[in-house]
Amino acid sequence: MKRIFQLSIVAALTLSAAWPAHARDSKPIFPIAPALEVKDAKEKLDGSVKFYFGDQETPKVLTKLGTDVTNQKTNKFGKSDERACNWVFLSA
């Protein structure tokens, strides 16, 4: 009887560890200006690089440096949607 109880506990733990996680797959959209005003942005961005978004007019491009890819995922635990989005934005 003790052996069956132990096997039941092991089976229950194994099944609970294998339970699938369900991530939220929403795409909230926040304005860029407030993201550039947060404390983290002011610490990471020194002003030596200018950013242009959307339909803003840009000066003539002197040197094209290429493209890069970033990971747009973040650990949102304990953060609001906007704060997590700002973190990913600044990481990129």
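Residues numbered from 1 in each chain as written. Predicted model: local features only at pLDDT ≥ 70, side-chain atom pairs only at ≥ 80, totals over all residues. Heavy atoms only, no water.

Caption draft 1: Inspection of the layout of surface pockets at higher detail. Here the largest pocket defines a volume of roughly 740 Å³. Secondary-structure elements contributing two or more residues to the lining of the largest pocket are helix 2 (32-37) and helix 4 (81-91). Counting residues per element, the lining of the largest pocket draws most heavily on helix 4, which supplies 6 residues. A breakdown of the residues in the lining of the largest pocket according to their chemical character gives 11 nonpolar, 4 polar and 6 charged. Taken as a whole, the second largest pocket encloses approximately 310 Å³ of empty space. Lining the second largest pocket are Val49, Lys50, Tyr52, Thr58, Pro59, Lys60, Val61, Thr63, Lys64 and Leu65. Across the lining of the second largest pocket, the residue classes break down as 5 nonpolar, 2 polar and 3 charged. (1 Å grid on protein atoms, 1.4 Å probe; cavity = no way out; pocket = protein on both sides within 12 Å on 5 of 7 lines; lining within 4 Å. Points joined across faces, edges and corners; volume = space filled by probe spheres on them. Helix = DSSP H or I, 4+ residues; strand = E, 2+ residues; numbered from the N terminus. Nonpolar A, V, L, I, M, F, W, Y, C, P; charged D, E, K, R; others polar.)

Caption draft 2: Local environment of the environment of asparagine 75. Structurally, asparagine 75 can be placed in the loop between helix 3 (39-44) and helix 4. Between the C-alpha atoms of asparagine 75 and lysine 2, which are 73 residues apart in sequence, the distance is 42 Å.

Caption draft 3: Highlighting a nonpolar patch on the surface. On the surface, a cluster of nonpolar side chains totalling about 320 Å² of accessible area is made up of Phe5, Ile9 and Leu13. The residue leucine 13 is located in helix 1 (residues 2-17) in this model. (Patch = residues over 30% accessible without salt bridge, like charges linked within 9 Å, V, L, I, M, F, W, Y side chains within 5 Å. Areas by Shrake-Rupley, 256 points an atom, 1.4 Å probe, with all protein chains shown as cover. Salt bridge = Lys/Arg side-chain N within 4 Å of Asp/Glu carboxyl O.)

Caption draft 4: Broad picture of the pattern of salt bridges. Applying the stated criterion across every chain, the model contains 2 salt bridges. Across the salt bridge formed by glutamate 37 and lysine 42, the nearest N and O atoms sit 3.6 Å from each other. Using a relative accessible area of 54% as the deciding quantity, one classes lysine 42 as exposed. A salt bridge links lysine 39 to glutamate 43, with the shortest nitrogen-to-oxygen separation between them at 4.0 Å. Of this pair, lysine 39 and glutamate 43 both sit in helix 3, 4 residues apart, which is roughly one turn of that helix. Each of the two residues, lysine 39 as well as glutamate 43, counts as exposed. (Buried < 20%, exposed > 50% of the residue type's maximum accessible area, 1.4 Å probe, protein only.)

Caption draft 5: A look at the packing of aromatic side chains. For the coordinates displayed, the defined rule picks out 2 aromatic pairs. For the ring pair phenylalanine 51 and phenylalanine 53, a centre distance of 6.2 Å and an interplane angle of 10 degrees mean the geometry is stacked. Here phenylalanine 51 falls in the partly exposed class, since its relative accessible area comes to 41%. Assessed through its relative accessible area of 29%, phenylalanine 53 is described here as partly exposed. Seen in terms of ring centroids, phenylalanine 53 and phenylalanine 89 are 6.1 Å apart; in terms of plane orientation they differ by 45 degrees. Their pairing is tilted. A residue pair is termed long-range when its members are at least 10 positions apart, and phenylalanine 53 in the loop between helix 3 and helix 4 and phenylalanine 89 in helix 4 qualify at 36 residues. Overall, the relative accessible area of 29% leaves phenylalanine 89 in the partly exposed class. Pairwise contacts between aromatic rings join Phe51, Phe53 and Phe89 into one cluster. Of note, lysine 44 hangs over the ring of tryptophan 87, and the distance from its end group to the ring centre comes to 4.4 Å. Between the NZ or CZ atom of lysine 79 and the centre of the ring of tryptophan 87, over which it lies, the distance is 5.8 Å. (Phe/Tyr/Trp six-rings, centres within 6.5 Å; stacked < 30°, edge-to-face > 60°. Lys NZ or Arg CZ within 6 Å of the ring centre and 35° of its normal.)

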